[in-house]
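Each chain, written out:
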Amino acid sequence: AGRRFIMCKAHAGFEQCLYYYPNSLYVEEGREGKIMREGEKISHFHGVANIVRFNWPIYVFVLILVSGLLSVSFLPGIAPAFQVFFQGLAMGISAFTLLTLFVSFYIYDLSELNTYTWLNKIELSKTGNFANIHSGFDETSASLKKRFPSASWKLCDFYNPLYNTEGSIKRARKKYPCPPETIVIDHKDWKLEPDSYSAIFCLFAVHEIRSLEEKQRFFAQAAIHLKSGGKLVMAEHQRDLSRTASD
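Residues numbered from 1 in each chain as written. Predicted model: local features only at pLDDT ≥ 70, side-chain atom pairs only at ≥ 80, totals over all residues. Heavy atoms only, no water.

Asks: What exactly am I supposed to notice about the pairing of strand E4 (residues 151-157) here?
Replies: Looking along a regular strand, one sees the side chains alternate between the two faces of the sheet. Judged by how many residues are buried, E4 sits mostly within the fold: five of seven residues are covered. Summarising the sheet, strand E3 (residues 128-134) and E4 pair through seven bridges and their orientation is parallel. Note that in E4 the partner of Asn 129 across the bridge is Ser 152. Once you follow E3 into helix H4 (residues 141-147) and on to E4, the crossover reads as right-handed. (Buried < 20%, exposed > 50% of the residue type's maximum accessible area, 1.4 Å probe, protein only. Helix = DSSP H or I, 4+ residues; strand = E, 2+ residues; numbered from the N terminus. Pairing = 2+ DSSP bridges. Right-handed = clockwise from strand over helix to strand, strands pointing away.)

Printed below as a string of structure tokens:
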């Protein structure tokens, strides 16, 4: 399993704003390493720890549920068949939860993606105007800025609390606030400098845009803002078995 990187070039026409390279890069499944601040080190369990941290109500619910099932199974006078049923159900829920965490660890932490060496396979300018666009949780800007120190960076956040209502994003933003230079944009109308960016990065953000029409408008905005020869570098979740198991 892996994540497919889609690199797009700007075109003059709106209808043909993007074209997809026939052989998109395919890298080992993993979540990009997060250097939230300059010099911050990445734990080997960083990805799975964030999953638990930002989705803790789910795991608290599972803990209470499993504890309740085990408690019921040991009630005095309970029939052996029900005792086996409740204990088996508790074990099944526990095993499934641990399995999802293990798969998440495999996907998000046992990866080369956090080194950003895969960018060497993409012909990118080292200078010029670069933009990094995220959907509320910026875990890539510091790493990208360190890799392209000569570029002039614009950090953009299209998070909208009325649109992106997941509690996990709110908790992530509280734990890791966006850099102070981040500007808020509308994913349908960026209002940045058109035809001026050598590279636009959008890593694990577009899945937060739910409708196909709005995604098309997002990519049209990328085409408007990329200069001739500029590239959109995008990484996204694949809806495959490994991704489903980690959810």
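From this point, the narrative continues.
Asks: Help me understand the packing of aromatic side chains, please; the structure alone is not making it clear to me.
Replies: Remark: the centre distance and the inter-plane angle together describe each pair of aromatic rings, the angle taken between the planes. Counted by the stated rule, this structure contains 12 aromatic pairs. Each ring, one from Phe 148 and one from Phe 201, has its centre 6.0 Å from the other, and the planes form 45°; the classification is tilted. Pair noted here: Phe 148 is in the loop between H4 and E4 and Phe 201 is in strand E6 (residues 197-203), with a separation of 53 residues, a long-range link. The exposure classification of Phe 148 matches that of Phe 201, with both residues buried. With centroids separated by 5.6 Å and ring planes inclined at 80°, the aromatic side chains of Phe 218 and Phe 219 adopt a geometry described as edge-to-face. Summarising the burial analysis for this pair, Phe 218 and Phe 219 share the class buried. Grouped by ring-pair contacts, the aromatic residues Phe 130, Phe 148, Trp 153 and Phe 201 constitute a single cluster. (Phe/Tyr/Trp six-rings, centres within 6.5 Å; stacked < 30°, edge-to-face > 60°.)

Asks: What should I look at first to understand the pattern of salt bridges in this one?
Replies: Here the idea is simple: oppositely charged side chains can pair when their charged atoms come close. Per the counting criterion, the structure on display carries five salt bridges. Ionic pairing is found between Glu 193 and Lys 154, a salt bridge with its closest N-O pair at 3.6 Å. Here Lys 154 lies in strand E4 and Glu 193 lies in the loop between strand E5 (183-184) and E6, a separation of 39 residues in the sequence. On the accessibility criterion, Glu 193 (39% relative accessible area) is partly exposed. A relative accessible area of 24% means that Lys 154 is categorised as partly exposed. With its nearest N and O atoms 2.6 Å apart, the salt bridge here joins Lys 191 to Asp 189. Lys 191 gets classed as exposed once you look at its relative accessible area, which sits at 65%. (Salt bridge = Lys/Arg side-chain N within 4 Å of Asp/Glu carboxyl O.)

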